[in-house]
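The chain contents come next:
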Amino acid sequence: MAKTVIIEAPGGPEAYKIVDRPVGDPGPGEIRIRHHACGLNFIDVYQRSGLYPLSMPHAMGMEGAGVVEAVGEGVSHLKVGDRAAYASMPPGAYCEARVIKADQVCPLPDGISFEEGAAMMLKGLTTQYLFRRTTPIAKGDTVLFHAAAGGVGLFACQWAKSEGIRLIGTAGTAEKCQLALDHGAEACVNYRDGDWVAKVRELTGGRGVDVVMDAVGRDTFEGSLDCLRPLGFMISFGNASGPVPPFDIGLLGKKGSLKITRPTLFTHIADHATCQQMARELFAKVLSGDVKIRIDQRFALDQVAEAHRALEGRETTGQTVILP
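Residues numbered from 1 in each chain as written. Predicted model: local features only at pLDDT ≥ 70, side-chain atom pairs only at ≥ 80, totals over all residues. Heavy atoms only, no water.

**Some points on the side chain of Arg 48**
Moving on, step 1. Tracing the backbone shows Arg 48 in helix α1 (residues 42–49).
Moving on, step 2. From its side chain, Arg 48 meets the backbone oxygen of Gly 11 in a polar contact 2.9 Å long.
Moving on, step 3. Not counting residues up to four positions away in its chain, the partners in contact with Arg 48 are Ile 7, Pro 10, Gly 11, Gly 12, Pro 13, Tyr 16, Met 60, His 308 and Glu 312. (Helix = DSSP H or I, 4+ residues; strand = E, 2+ residues; numbered from the N terminus. Polar contact = N/O pair within 3.5 Å; in protein donor to acceptor, adjacent residues only side chain to side chain. Contact = heavy atoms within 4.5 Å.)

Quick look at the structure:
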């Protein structure tokens, strides 16, 4: 049996319940992992609230790190006793142990702790596909990154600096702006302090940025388009302020023949070999010191509702882990 966080219907943080569930043995292509730490992400909020619908009842949580306890037939990249970490569907990582498909579970290098592994997989792999797999971004290019002091944001600031990419961040307080600067952002605009679009334009000499990476959604979408140079590329990859409403695609032409995409991590990591290669690139960034994992909040498994309230209240910085 393993303590597991579930929801029985969409709702707020109070919807979470902790139950004891049988774990069982892995089938073909699966492993059983005993968690040492689990990650907290905004996608968990989207799933809990019903924005991303799930069948009910459902276990929750998208990433974790721990030790492999059992391996099913056909799994060759992991063995019993291995340290491992993952971010993958379906949800169910908020637990002591679980059986999971092995394809997206990655061997965790000894130089990376379980807490770091749990804090880095979803956000770090997201950063990898944003910079390496979505549109070409070259040394010297300028990227606008919203919520630059958040979980993905601090990864992005460091990743950009390590590759000579100019990153302009946004954040909601002076303290968060400073945090982004400390992690490699060239500049950071407080979007609650005046016209942030005009400030981004000023920072680019009126030209606009090459790429916008926007996980805020509704509140920043139109402004993000206005920050792009002609032929610029908009990556809308999250909905922290709510989903982007329908818009006239002709707007992209009027604003300079802009390009836009709405990717998800799980499309990028669906292929086993691709997922493992992305993870190796991420681990190399961390092991080299180019990307440091900042864990600012820790919650016990029975404090998961409190963790969600802090995340939704914009009270967190860096990474947050849940400890079974």
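On we go from here.
**Quick notes on the pairing of strand β13 (residues 228–236)**
Moving on, step 1. Note that strand β12 (residues 209–214) and β13 share five bridges and pair parallel. Across the sheet, residue Asp 214 finds its bridge partner in β13, namely Ser 236.
Moving on, step 2. In the classification by handedness, the crossover that spans β12, the intervening helix α6 (residues 221–227) and the parallel β13 is right-handed.
Moving on, step 3. Note: β13 against strand β14 (residues 259–261), three bridges, orientation parallel. Bridge pairing in β14 places Ile 235 opposite Thr 261. (Pairing = 2+ DSSP bridges. Right-handed = clockwise from strand over helix to strand, strands pointing away.)

**As for the packing of aromatic side chains**
Moving on, step 1. Enumeration according to the criterion identifies five aromatic pairs in this entry.
Moving on, step 2. Ring geometry for Phe 221 against Phe 247: centres 5.1 Å apart, planes inclined by 55°, an arrangement best described as tilted. Pair noted here: Phe 221 is in helix α6 and Phe 247 is in the loop between β13 and α7 (250–254), with a separation of 26 residues, a long-range link.
Moving on, step 3. Taken together, the ring pairs connect Phe 42, Tyr 46 and Tyr 52 into an aromatic cluster.
Moving on, step 4. When the ring centre of Phe 114 is taken as origin, the NZ or CZ atom of Arg 83, which lies over that ring, is 4.5 Å away.
Moving on, step 5. Over the aromatic face of Trp 159 sits the side chain of Lys 285, whose NZ or CZ is 5.0 Å from the ring centroid. (Phe/Tyr/Trp six-rings, centres within 6.5 Å; stacked < 30°, edge-to-face > 60°. Lys NZ or Arg CZ within 6 Å of the ring centre and 35° of its normal.)

**Details of the pattern of salt bridges**
Moving on, step 1. One pass over the full model with this rule turns up 20 salt bridges.
Moving on, step 2. For Lys 199, the salt bridge identified is with Asp 193, shortest N-O distance 4.0 Å.
Moving on, step 3. A relative accessible area of 30% places Lys 199 in the partly exposed class.
Moving on, step 4. With its nearest N and O atoms 2.4 Å apart, the salt bridge here joins Lys 255 to Asp 226. Of this pair, Lys 255 sits in the loop between α7 and β14 while Asp 226 sits in helix α6, and the two are 29 residues apart along the sequence.
Moving on, step 5. What you see here is one network of salt bridges that share partners, running through Asp 25, Arg 32, Arg 34 and Glu 69. (Salt bridge = Lys/Arg side-chain N within 4 Å of Asp/Glu carboxyl O. Buried < 20%, exposed > 50% of the residue type's maximum accessible area, 1.4 Å probe, protein only.)

**What about the packing of helix α2 (residues 114–132) against helix α3 (residues 151–162)?**
Moving on, step 1. Contact pair α2 / α3: the axes reach a minimum separation of 9 Å and the direction vectors enclose 50°. With respect to each other, α2 and α3 are oriented oblique. The handedness of the crossing between α2 and α3 is right-handed. Between α2, through Ala 119, Met 120, Lys 123, Gly 124, Thr 126, Thr 127, Gln 128, Leu 130, Phe 131 and Arg 132, and α3, the contact on the second element is made entirely by Gly 151, Val 152, Phe 155, Ala 156, Trp 159 and Ala 160.
Moving on, step 2. Counted by class, the contact of α2 with α3 contains nine nonpolar, five polar and two charged residues. (Axes fitted to C-alpha atoms, helices over the stretch in contact; angles between N-to-C directions. Parallel < 35°, antiparallel > 145°, perpendicular 65-115°, else oblique. Left-handed = near helix turned anticlockwise from the far one by under 90°. Nonpolar A, V, L, I, M, F, W, Y, C, P; charged D, E, K, R; others polar.)

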